[in-house]
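Results of the structural survey
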Amino acid sequence: AQKITQTQPGMFVQEKEAVTLDCTYDTSDPSYGLFWYKQPSSGEMIFLIYQGSYDQQNATEGRYSLNFQKARKSANLVISASQLGDSAMYFCAMRERERDDKIIFGKGTRLHILP
Amino acid sequence: KAGVTQTPRYLIKTRGQQVTLSCSPISGHRSVSWYQQTPGQGLQFLFEYFSETQRNKGNFPGRFSGRQFSNSRSEMNVSTLELGDSALYLCASSLGRGSGANVLTFGAGSRLTVL
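To start, this report covers the structure provided alongside it. (Residues numbered from 1 in each chain as written. Chains lettered and ligands numbered in written order. Predicted model: local features only at pLDDT ≥ 70, side-chain atom pairs only at ≥ 80, totals over all residues. Heavy atoms only, no water.)

What about the interface of chain A and chain B?
- Contact residues are listed per partner, giving 17 residues for chain A and 22 residues for chain B.
- Carbon and sulfur atoms supply 52% of the area that chain A and chain B bury against each other, a total of about 1700 Å² over both sides.
- At the surface where chain A touches chain B, the tally comes to zero salt bridges.
- Scanning the region where chain A abuts chain B turns up four residue pairs in polar contact (both at pLDDT 80 or more). (Contact = heavy atoms within 4.5 Å. Buried area = accessible area lost by both parts, 1.4 Å probe. Salt bridge = Lys/Arg side-chain N within 4 Å of Asp/Glu carboxyl O. Polar contact = N/O pair within 3.5 Å; in protein donor to acceptor, adjacent residues only side chain to side chain.)

Next comes the structure, spelled out in structure tokens:
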């Protein structure tokens, strides 16, 4: 079964609009971490934001925020005021700390920002 | 400080050959993880090394192997190459267990083409 599901293979968004990239996860581990990474066309993976399962507040990093809904097992990434440079692949990932501690990734969402 | 360095960046091999990829982690990082990225399968976890010991392994055949040296540098080897091994191989380093966020920092990748 898929541990990380990203249902949007591709998205087109107008520049300056807000974007929400969906991510749902599946785990029975009470202690886990959720990550979002960005992969531009150059190929290098760039860490964006992290949310721990016990964190009470949603994580934020500049224009990035993580909409963490624990009961729904959802960890959507929100990008405010999108820019052309945000065009990239975005990956949601999870680490189950008590299970095996490795980080596994979803299939990704390709985001296109339109001028 | 220097990032994660992967060599070589690009290589072309033929079926049946073997290949060795190298990864130098960020100074002070003791954990190195390897991922295979293909358009069809996305990012798949290969293995993780911590203090010269493999502590996690993905679902890949025994042709895929790795090791870590005392200076935390890691190598992965693929023997008897198959066409399906063509992929971007990403290495990532982290501090290792004990750090809640345990963010992975990725290298630029080694793009392997098997002819």
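Considering unusual backbone geometry
- Residue B:P8 is bonded to the preceding B:T7 through a cis peptide linkage, with omega at -10°.
- With respect to the helices and strands, B:P8 occurs in the loop between β1 (5-7) and β2 (10-13).
- At A:K16, a residue that is not glycine, the phi angle is positive and equals roughly 80°.
- Tracing the backbone through its elements, the reader meets A:K16 in the loop between β2 (10-14) and β3 (19-21).
- On the basis of relative accessible area, A:K16 is assigned to the exposed category, the value being 68%. (Helix = DSSP H or I, 4+ residues; strand = E, 2+ residues; numbered from the N terminus. Buried < 20%, exposed > 50% of the residue type's maximum accessible area, 1.4 Å probe, protein only.)

Side note on the packing of aromatic side chains
- Using the criterion set out here, one finds 13 aromatic pairs over all chains in the structure.
- Considering the side-chain rings of A:Y25 and A:Y32, the 5.2 Å spacing of their centres and the 50° angle between planes classify their relative orientation as tilted.
- Since its relative accessible area comes to 4%, A:Y25 is described here as buried.
- Residue A:Y32 is classed as buried on the basis of its relative accessible area of 6%.
- Here the aromatic rings of A:Y37 and A:F47 are separated by 5.7 Å at their centres, their planes lie at 65°, and the arrangement is edge-to-face. Here A:Y37 is found in strand β5 (residues 32-39), whereas its partner A:F47 is found in strand β6 (residues 46-52), with 10 residues between them in sequence.
- In this structure, A:R63 packs its charged tip against the face of A:Y64, placed 5.7 Å from the ring centre.
- A cation sits over an aromatic face here: B:R55 above B:F50, 4.5 Å from the ring centre. (Phe/Tyr/Trp six-rings, centres within 6.5 Å; stacked < 30°, edge-to-face > 60°. Lys NZ or Arg CZ within 6 Å of the ring centre and 35° of its normal.)

Thoughts on the sheet that holds strand β3 (residues 19-24) of chain B
All names here are of chain B.
- The strand order β1-β3-β8-β7 describes an open sheet built from four strands, whose pairing is antiparallel. The two strands at the open ends of the sheet, each matched to only one other strand, are β1 and β7 (64-68). Across the sheet, the mean angle from the axis of one strand to that of its neighbour is 15°, orientation sign disregarded.
- Judged from the three bridges that link them, β1 and β3 form a sheet pairing that is antiparallel. The residue of β3 that forms the bridge with T7 is S22. (Pairing = 2+ DSSP bridges. Axes fitted to C-alpha atoms, helices over the stretch in contact; angles between N-to-C directions.)

Observations regarding the environment of B:S110
Residue and element names in this part refer to chain B.
- Note on placement: S110 falls in strand β11 (residues 110-114).
- The exposure class of S110 is buried, given its relative accessible area of 0%.
- As a C-alpha pair, S110 and C91 span 19 residues in sequence and 8.6 Å in three-dimensional space.
- Discounting chain neighbours no more than four positions away, the residues touching S110 are Q6, T7, P8, R9, L21, A87, L88 and Y89.
- Of note is the side chain of S110, whose polar atom sits 2.6 Å from the backbone oxygen of P8.

Digging into the state of the cysteines
- Within this structure, the stated rule accounts for two disulfides over all chains.
- The side chain of A:C23 participates in a disulfide bridge whose partner is A:C92; the two sulfur atoms lie 2.0 Å from each other. Handedness of the A:C23-A:C92 disulfide follows from its S-S torsion of about -65°: it is left-handed. Of this pair, A:C23 sits in the loop between β3 and β4 (24-25) while A:C92 sits in strand β10 (residues 88-96), and the two are 69 residues apart along the sequence. Accessibility assignment for this pair places A:C23 and A:C92 in one class, buried.
- Paired by a disulfide, B:C23 and B:C91 hold their sulfur atoms 1.7 Å apart. One quick way to see it: the torsion about the S-S bond of B:C23 and B:C91 is about -55°, and its sign makes the bridge left-handed. One end of the pair, B:C23, is in strand β3; the other, B:C91, is in strand β9 (residues 87-94), and 68 residues separate them in sequence. The burial state of B:C23 is the same as that of B:C91; both residues are buried. (Disulfide = S-S within 2.5 Å.)

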